[in-house]
Amino acid sequence: MMLTTEEWSAVLLSLKVAGVAVLAMLLPGIACGWVLARRRFPGRSLLDALIHLPLVLPPVVVGYLLLLSIGRRGWLGGWLYEHFGVDLAFTWKAAAIASTVMGFPLLVRAVRLAIEATDPRLEAAAATLGAGPLRVLLTVTLPLALPGILAGTVLAFARSLGEFGATIMVAGNIEGVTRTIPLAIFSDVQTPGGDASAMRLVVIAVIVSFLALLVSELLSRRLVRRSGGAS
Amino acid sequence: MIEVDVTLERPGFRLEVAFTTSATTLGIFGPSGAGKSTILAIIAGLIRPERGVVRIDGRTLFDAAEGIDVRVDRRRIGMVFQDLRLLPHLTVAGNLRYGPRARGGDPDDLIGLLELGPLLDRNVADLSGGERQRVAVGRALLLRPDLVLLDEPTASLDGRLRAEILGHLERLRDRTGRPMIQVSHRLGDLLQLTEELLVVDDGRLVGQGRYPDLIQDATVLPTLRRRGVVNRLRGRTTDTAGVVKIPDTAIEFVTPGSDRGPDEAIILEFDPADVALARHRVEGTSIGNQIEGVVTRWTDDGAGVFVEVRLGTDGPTLAAEVGRESLAALGIEVGRPIVCLLKRQAIRVR
């Protein structure tokens, strides 16, 4: 199966956008997941709702809100352009930001469930051995929650690969710049004679998603075996 | 020196204990739900009481009035949890060396003492119950803590394994000299490992002191009695099978026998209710042990009379539980010579 230059560029762009999105959300995602799982504080429900909002809002609405923020006349975009000459809207960076926002709740949710499932009594035991809170987090909580965190990462990555609505609002559908696989398929289907190209991209999308799931499954199984299951 | 004076309020439970001890090994005894483990958790900093003070060797770990609450990881207290809590994603070596303070010093001695050497590379999930217990003990002691807390270290073990871990703990106590507090609902274990006892019931301290004194305390006795009061004597096996000699005395017990060879340490346990008292030796009887002694004191807690008898002239003491009506019949009084009758089958050897 041969891909055209345009199709290749859509595939590579998708991988780049999804990869950057996942890297960008990983640390804040783990932090939010941990906070929601282990801390009780006023405003916790509000934070929870805010993080999950993109999951229930129409993606187009999220995209529009992003455009209002990071567009050249938006509060953040305007400031960035004025001081650094950085333009985000309608670049691949905007696509990555859209993917980050849309995938974030999936990652946070997975991390939170994974951390909630780790035994706090083990954390207490580690503390009696002389480990401070950060060391307990890094050497006990996160390693034990790793399979879940990994699954959440893959889910967020897959979600990023499929991002459409928010991306088209804030990044547009510019060939070679912001046209990821879903946008390319959309354009192909709108173009007379584009069906074959659309089908090739569909096959690629299925393969990439499938591989991601497979890798995550294998990794988490190895991790579970290494930790000897929960005990 | 350990100073604890705390009050903890929880829905349906109130703990209020105050004690000071200079004993190196302290046992906390009481029925389930009495608050024994809670006391350990408060000392370790895992539970914060509403009020009070915790001080170890003059170092204040907690003082509600002063707003002092040293963080768990900075208390330098080693804890062996009842549910062990080995870190499942680490090997035995990883667990032993987890604590930052466990990496200084020379751990070989301790690892050898607990026979952990062959286990170091093993995954903790693959260990047997006794092995896991030894790893948990080693992990806490390797920290060179100011105080070691042991929460029911033998609860999950029975028979041989229990005797084995008790032996390990006894050697550790003698070799490291680390102060220890051990919680158990098994009086026998505490008598083997600790010099002083706290008796706790329903969130309150019922008594504190040496065991023979506590048995003679009518306010403590009812709590002790609920778990079965026990006599416990240290002896050595002799050339004659089943005969155990009490060291530094001429006293010998005839026991059901054991798998041990001559001149080995052995522990005899028997219930006070199995000891009968007589004014004179009894002729023509099936009873295997007739040991002469002197009444040193007795107490009556309403449910029965516990008579303390010193065996021989300077031997150990034992407790005999007799009916109140026997008291007069025997003419029990302090200083009176008396004979303890004990069937050999009533003796458990360990």
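Residues numbered from 1 in each chain as written. Chains lettered and ligands numbered in written order. Predicted model: local features only at pLDDT ≥ 70, side-chain atom pairs only at ≥ 80, totals over all residues.

Colleague: An account of the overall build of chain A is requested, with residue identities and associated values reported.
Modeller: For chain A, the helix and strand inventory stands at 10 helices and 0 strands. Secondary structure elements of chain A occur, N-terminal to C-terminal, as α-α-α-α-α-α-α-α-α-α. C-alpha extents for chain A along the principal axes are approximately 65 × 45 × 30 Å. A burial count over chain A gives 43% of its 231 residues as buried. Taking the intrachain contacts of chain A between residues at least 6 apart in sequence as the baseline, contacts between residues at least 24 apart amount to 74%. (Helix = DSSP H or I, 4+ residues; strand = E, 2+ residues; numbered from the N terminus. Buried ≥ 20, exposed ≤ 12 C-beta atoms within 10 Å, placed from the backbone. Contact = placed C-beta atoms within 7 Å.)

Colleague: Give a description of the confidence of the model for chain A that names residues and reports values.
Modeller: Per-chain confidence: chain A averages 90 in pLDDT, with 96% of residues scoring 70 or above. Between the elements of chain A, mean pLDDT differs from a low of 85, seen in helix 10 (residues 195–226) of chain A, to a high of 95, seen in helix 6 (residues 120–128) of chain A. (pLDDT = per-residue confidence, 0-100.)

Colleague: Can you break down the nonpolar core residue by residue, with the values?
Modeller: Counting residues in hydrophobic clusters, the biggest one holds 158 residues, and the most contacted among them are Ala-98, Ala-126 and Val-170 of chain A together with Leu-149 and Cys-340 of chain B. Here this core spans two domains, since at least three of its residues come from each of domain 1 (2–226) and domain 2 (231–349) of chain B. (Core = buried A, V, L, I, M, F, W, Y, C linked by C-beta atoms within 7 Å. Domains from an automatic or database assignment.)

Colleague: Talk me through the confidence of the model for chain B; I want residue IDs and the actual numbers.
Modeller: Scored by pLDDT, chain B comes out at a mean of 90, with 98% of its residues at no less than 70. Here the predicted complex carries an ipTM of 0.80, next to a pTM of 0.81.

Colleague: Talk me through the environment of Arg-178 of chain B; I want residue IDs and the actual numbers.
Modeller: Residue and element names in this part refer to chain B. Turning to its location among the elements, Arg-178 is positioned in the loop between helix 5 (159–176) and strand 9 (180–184). Residue class for Arg-178 comes out partly exposed when judged on the 18 C-beta atoms lying within 10 Å of it. Taking C-alpha positions, Arg-178 is 18 Å from Arg-74, a pair spaced 104 residues apart along the chain. In this structure, Arg-178 is in contact with Leu-141, Pro-145 and Val-148, ignoring residues within four places of it in sequence.

Colleague: Break down the sheet that holds strand 19 (residues 317–322) of chain B for me, citing the residues and quoting the values.
Modeller: Hydrogen bonds between backbone groups are what pair the strands of a sheet, and the pairing can be parallel or antiparallel. All names here are of chain B. Strand order in the open sheet formed by 5 strands is 16-20-17-18-19, with antiparallel pairing between adjacent strands. On the outer flanks of this sheet lie strand 16 (275–278) and strand 19, each paired with one strand and no other. Strand-to-strand twist across the sheet, computed as the mean angle between neighbouring axes with direction ignored, equals 45°. Two elements, strand 17 (residues 289–300) and strand 20 (residues 337–342), share 6 bridges in a ladder whose sense is antiparallel. Considered in strand 20, the bridge of Glu-292 is made with Val-339. (Pairing = 2+ DSSP bridges. Axes fitted to C-alpha atoms, helices over the stretch in contact; angles between N-to-C directions.)

Colleague: Go over the pairing of strand 2 (residues 13–21) of chain B with me, naming the residues and quoting the values.
Modeller: Residues and elements named next belong to chain B. With 9 bridges joining them, strand 1 (residues 2–10) and strand 2 adopt antiparallel strand pairing. Among the inter-strand pairings, Arg-10 is bridged to a residue of strand 2, identified as Phe-13. Where strand 1 hands over to strand 2, the hairpin turn is made up of 2 residues, of which Gly-12 adopts a positive phi near 80°.

Colleague: Can you explain unusual backbone geometry? Please cite residues and give values.
Modeller: All names here are of chain B. Even without glycine at this site, Leu-84 takes up a positive phi of about 65°. Tracing the backbone shows Leu-84 in the loop between strand 7 (77–80) and helix 2 (92–96). Residue Leu-84 is classed as buried on the basis of its C-beta count, with 22 C-beta atoms lying within 10 Å. A positive phi is found at Glu-115, a non-glycine position, where the angle reads about 55°. Residue placement: Glu-115 occurs in the loop between helix 3 (108–113) and helix 4 (129–141). Looking at Glu-115, the number of C-beta atoms within 10 Å reads 13, which means it is partly exposed.

Colleague: I'd like a rundown of the domain arrangement of chain B, residues and numbers included.
Modeller: All names here are of chain B. Entries for chain B in the domain assignment read domain 1 (2–226) and domain 2 (231–349). Placing a centre on the C-alpha atoms of domain 1 and another on those of domain 2 gives a separation of 32 Å. Each side of the interface is counted separately: domain 1 has 11 residues, and domain 2 has 12 residues. Partitioning the side of domain 1 that touches domain 2 into residue classes produces 6 nonpolar, 3 polar and 2 charged. (Nonpolar A, V, L, I, M, F, W, Y, C, P; charged D, E, K, R; others polar.)

Colleague: Lay out the sheet that holds strand 21 (residues 348–349) of chain B with the relevant residues and their values.
Modeller: Residue and element names in this part refer to chain B. If you trace the 5 strands from one edge of the open sheet to the other, you get 14-13-12-15-21, paired in antiparallel fashion. Since the sheet does not close on itself, it has two edges, and those belong to strand 14 (252–254) and strand 21, each with one partner. Note that strand 12 (residues 231–237) and strand 15 (residues 265–270) share 6 bridges and pair antiparallel. Counted as the bridge partner of Gly-235 is Ile-266 from strand 15.

Colleague: Give a detailed account of the interface of chain B and chain A, specifying residues and quantitative values.
Modeller: Facing the 21 residues of chain B at the interface are 20 residues of chain A. Residues that form the side of chain B that touches chain A fall into these classes: 13 nonpolar, 3 polar and 5 charged.

Colleague: Pulling in residues and values, what's your account of the environment of Thr-296 of chain B?
Modeller: All names here are of chain B. Along the polypeptide, Thr-296 turns up in strand 17. Using a count of 15 C-beta atoms within 10 Å as the deciding quantity, one classes Thr-296 as partly exposed. Separated by 41 residues in the primary sequence, Thr-296 and Pro-337 have C-alpha atoms spaced 9.6 Å apart. Filtering out sequence-adjacent residues up to four positions away, Thr-296 remains in contact with Glu-308, Val-309, Arg-310, Thr-317 and Val-334.

Colleague: Can you explain helix 3 (residues 59–70) of chain A? Please cite residues and give values.
Modeller: Residues and elements named next belong to chain A. Across its 12 residues, helix 3 extends 16 Å between first and last C-alpha, which sits within 8% of the 16 Å expected from 1.5 Å per residue. Of all the positions in helix 3, only Val-62, Gly-63, Leu-66, Leu-67 and Ile-70 are classed as buried. All buried residues of helix 3 project into a common sector of 140° when viewed along the axis, lining one side. Summarising the contacts, the buried residues of helix 3 are in contact with helix 2 (44–56), helix 4 (75–84), helix 5 (92–117) and helix 8 (165–170). (Expected span 1.5 Å × (residues − 1). Arc of directions from axis to C-beta.)

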